[in-house]
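Here is how the chains run, residue by residue.
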Amino acid sequence: MGFFLRKLNVKRNADETFQSPSIEEQVHSEVAHRMPMDCGTCETSGPVQLMTPEVVNVNLTISSKAQEMLVDAFGDDRSMALLVGVLSGGCSGYMYDLQIVEETDQSCQEVNIDGFRVLVPNASSHLLDGIEIDYVDRLMGGGFRINNPNAESSCGCGESFA
């Protein structure tokens, strides 16, 4: 919301004192006369259009090292699922979000890979089609890494992409 200066309507009383209308009176006057409330120098933007991405049938793979780590995380309970999602944020625009869940309220595709249930939200399917879920060991600890052929760029940590 921009700020602007406006010439005040000042009334002169019979005793030569000046009285300016209150803010409420000025706003009421502008609304009643349908005066524009912007400065008149800026372009006004049109309505925001939300685009819903097309749902893609996801094809993904899990490396053998990542499967070993999932066996450790899941144990013998294969009723749980790995939810692979995308959040806004990170240094490149999107961040990967991996969770172990029983169920989710999101509309998802379920992919079964070597006995593991993998859920991919339909809203981010176009960003996750063709990914490989990998696990890498690092000096300061290991972690899952997503290799994404759809990413135009990614940050050095591998946790976000554009």
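Keep in mind that this is a model prediction, so the values were computed, not measured. (Residues numbered from 1 in each chain as written. Predicted model: local features only at pLDDT ≥ 70, side-chain atom pairs only at ≥ 80, totals over all residues. Heavy atoms only, no water.)

J.: Could you give an account of the overall build of the protein chain, with specific residues and numbers?
T.: The helix and strand inventory of the protein chain stands at three helices and 10 strands. The order of α-helices and β-strands along the protein chain, N terminus first, is β-β-α-β-α-β-β-β-β-α-β-β-β. Within the protein chain, the fraction of its 162 residues that count as buried is 29%. In the protein chain, of all internal contacts separated by at least 6 residues, the share reaching a separation of at least 24 is 52%. Put simply, the protein chain shows about 11,700 Å² of open surface, and 52% of that area lies on carbon and sulfur atoms. (Helix = DSSP H or I, 4+ residues; strand = E, 2+ residues; numbered from the N terminus. Buried < 20%, exposed > 50% of the residue type's maximum accessible area, 1.4 Å probe, protein only. Contact = heavy atoms within 4.5 Å. Areas by Shrake-Rupley, 256 points an atom, 1.4 Å probe, with all protein chains shown as cover.)

J.: Which residues make up a negative patch on the surface, and what are the values?
T.: Residues D76, D77, E102, E103 and D105 make up a contiguous surface patch of negative charge. Structurally, the position occupied by E102 is in the loop between β5 (93-101) and β6 (108-113). On the basis of relative accessible area, E102 is assigned to the exposed category, the value being 58%. (Patch = residues over 30% accessible without salt bridge, like charges linked within 9 Å, V, L, I, M, F, W, Y side chains within 5 Å. Salt bridge = Lys/Arg side-chain N within 4 Å of Asp/Glu carboxyl O. Lys, Arg positive; Asp, Glu negative; His and termini not counted. Charge placed at Lys NZ, Arg CZ, Asp CG, Glu CD.)

J.: I'd love a proper account of the pattern of salt bridges, names of residues and values included.
T.: Enumeration over the complete set of coordinates arrives at three salt bridges. The shortest N-O distance in the salt bridge between K65 and E68 comes to 4.0 Å. On the criterion of helical spacing, the pair formed by K65 and E68 is a turn pair, its members being three residues apart in helix α2 (residues 64-74). Here K65 falls in the partly exposed class, since its relative accessible area comes to 29%. In this structure, D137 engages K65 in a salt bridge whose closest nitrogen and oxygen atoms are separated by 3.7 Å. Of this pair, D137 sits in the loop between β8 (132-136) and β9 (143-147) while K65 is found in helix α2, placing the two residues 72 residues apart along the sequence. Overall, D137 belongs to the exposed group, its relative accessible area being 59%. Each of K65, E68 and D137 takes part in salt bridges that share partners, so that together they form one network.

J.: Please set out unusual backbone geometry residue by residue, giving values where relevant.
T.: Even without being glycine, D114 reaches a positive phi, approximately 50 degrees. Given the relative accessible area of 58%, D114 is considered exposed.

J.: An account of the sheet that holds strand β3 (residues 61-62) is needed here, citing residue identities and associated values.
T.: The sheet built from three strands is open, its strands ordered β3-β8-β9 with mixed pairing. Two strands in the sheet have a free side with no partner beyond their single neighbour: β3 and β9. Pairing of β8 with β9 involves five bridges; the strand directions are antiparallel. For E132, the partnering residue across the bridge sits in β9 and is N147. The strands that α2 touches are β3, β8 and β9; relative to β8, the one it contacts most, it runs at about 75 degrees. (Pairing = 2+ DSSP bridges. Axes fitted to C-alpha atoms, helices over the stretch in contact; angles between N-to-C directions.)

J.: Any details on α2? Residues and values, ideally.
T.: Of the residues making up α2, those classed as buried are A66, Q67, L70 and F74. Down the axis of α2, the smallest arc covering the buried residues is 100 degrees, so these residues share one side. Residues of α2 that are exposed and point over 90 degrees away from its buried face: S64 and D72. Taken from the residues just after α2, G75 is the one with a positive phi, measuring 65 degrees. (Arc of directions from axis to C-beta.)

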